[in-house]
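Examination of the molecular architecture
The residues making up each chain are set out below.
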Amino acid sequence: MNKFGRWSVAVALCAGAVPMQNAVASTTAHVGVFSEYVFRGVVANGGAAVQGGVDYHGENGILAGVWASNANQFGGSEFDLYAGYLHQFSETVFVDLGALYYILPEDKEDLTLNPTRRDTDTLEWFTTLYAGPFKVQAYYSHDYVATRDEAFYYTGSYTHNFNPTISVVAQVGYTHGDGAEAVYGDEYVDYSLTLSKTIREGLVFTLAAIDTNLEDEGIFMGTDDDPKVVVGVKQTFDF
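This is a predicted model, so every value here is computed, not measured. (Residues numbered from 1 in each chain as written. Predicted model: local features only at pLDDT ≥ 70, side-chain atom pairs only at ≥ 80, totals over all residues. Heavy atoms only, no water.)

Concerning the overall build of the protein
We apply this condition: Under the DSSP-based scheme used, a helix requires at least four consecutive residues in state H or I and a strand at least two consecutive residues in state E, with every element numbered from the N terminus. Each residue gets one of three labels from its accessible area relative to the maximum for its type: buried under 20%, exposed over 50%, partly exposed in between, using a 1.4 Å probe on protein chains only. Every residue pair with non-hydrogen atoms within 4.5 Å of one another is taken to be in contact. Each accessible area is a Shrake-Rupley result for a 1.4 Å probe, and residues are judged covered by the shown protein chains and nothing else.
Broken down by element type, the protein carries one helix and 15 strands. Here the protein holds 239 residues, and 46% of them are scored as buried. A fraction of 52% describes how many contacts in the protein between residues 6 or more apart in sequence connect residues 24 or more apart. Total accessible area on the protein is roughly 11,000 Å²; 62% of this is exposed by carbon and sulfur atoms.

Shown next, in the form of structure tokens:
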């Protein structure tokens with residue numbers, strides 16, 4: 001599971017768009033290649049991932065988009081849909097809220113990862129506070145990856161711009177709830193440090209160091225929790 005270009009970093013690599021500071025509608029598309037698929041600190045054993053999506057931001061604050069990947073954390077491909085609303089309080093303070101739906105088309109094909117053949121598509125609710133260089137997010141699912149139990153995820157990040165083309169993002173997140181603990185073996189903290197370099201307009205190279213405090217033996221089959229370095233490149237197009 002991942003995220004779309006706006007909120008996710010693949011995780012920490014698909015750095016999303018900064019909220020718009022004007023009331024002009026916009027549509028953007030993005031496509032990227034990443035050395036690993038990472039979701040909330042945990043990497044799938046699928047190798048490199050090709051990911052892309054389309055995001056819309058209406059002048060009335062409405063948000064909507066789609067995102068797709070050739071690999072996901074639990075095997076197979078992934079297709080995500082999201083919709084929400086973004087409200088601007090000042091030039092530097094924004095709040096959004098909405099829903100994100102993860103679609104895992106091949107979820108019933110691998111009996112090792114999904115022995116009951118349950119539908120693992122997952123709905124999450126989210127809210128985000130943007131305050132200058134700080135961002136705080138919360139996610140909630142009432143049935144996380146077919147566990148029939150709740151999952152919560154909270155994450156915060158700080159972005160420092162060294163110049164117009166180079167920035168670094170420090171991030172920490174916390175996952176808990178019976179559903180998440182059934183998948184990952186325990187509640188856990190993830191953290192990352194991501195360096196971004198704009199090569200030219202719309203084209204960004206990223207280098208991220210990512211880890212969690214999970215024990216390897218507690219990780220869901222098919223995933224890996226070793227410390228990892230992930231590289232990626234993403235091109236964004238404005239319409």
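A short note on empty space enclosed by the protein
Rolled over the atoms, a probe with the dimensions of a water molecule shows which regions are left empty. Note the cut-off: Both site types are read off a 1 Å grid over the protein atoms alone. A 1.4 Å probe that fits but cannot get out defines a cavity, while an open set with protein on both sides within 12 Å along at least five of seven lines defines a pocket; lining residues have an atom within 4 Å of a point. Grid points are joined across faces, edges and corners, and a volume is the space filled by probe spheres set on the points. Classification used: nonpolar for Ala, Val, Leu, Ile, Met, Phe, Trp, Tyr, Cys and Pro, charged for Asp, Glu, Lys and Arg, polar for all others including Gly.
What the rule picks out here adds up to one cavity of 30 Å³ or more. By volume, the largest cavity amounts to about 50 Å³. In this structure, the largest cavity is lined by Arg40, Glu124, Tyr139, Tyr140, Tyr144, Ala151, Phe152, Tyr153, Thr175, Ala180, Tyr184 and Tyr188. Contributions of two or more residues to the lining of the largest cavity are made by β9 (134–141), β10 (151–163) and α1 (178–184). Taken together, the residues of the lining of the largest cavity break down into nine nonpolar, one polar and two charged.

Considerations on the pattern of salt bridges
Defined as follows: A carboxyl oxygen of Asp or Glu within 4 Å of a side-chain nitrogen of Lys or Arg is what we treat as a salt bridge.
Applying the stated criterion across every chain yields a total of one salt bridge. The closest approach of N and O atoms between Glu124 and Arg40, which form a salt bridge, is 2.9 Å. Taken as a pair, Glu124 in strand β8 (residues 122–131) and Arg40 in the loop between β2 (38–39) and β3 (42–44) lie far apart in primary sequence, 84 residues in all. Accessibility classification places Glu124 together with Arg40 in one group, the buried group.

Describing the side chain of Glu78
Quick reminder of the rule: Contacts described as polar in this section are N or O atom pairs within 3.5 Å, which, within protein, must combine one atom able to donate a hydrogen with one able to accept it, while residues neighboring in sequence count only if both atoms come from side chains.
Summarising the element assignment, Glu78 is placed in strand β6 (residues 78–88). Separated by 2.4 Å, the side chains of Glu78 and Tyr37 make a polar contact.

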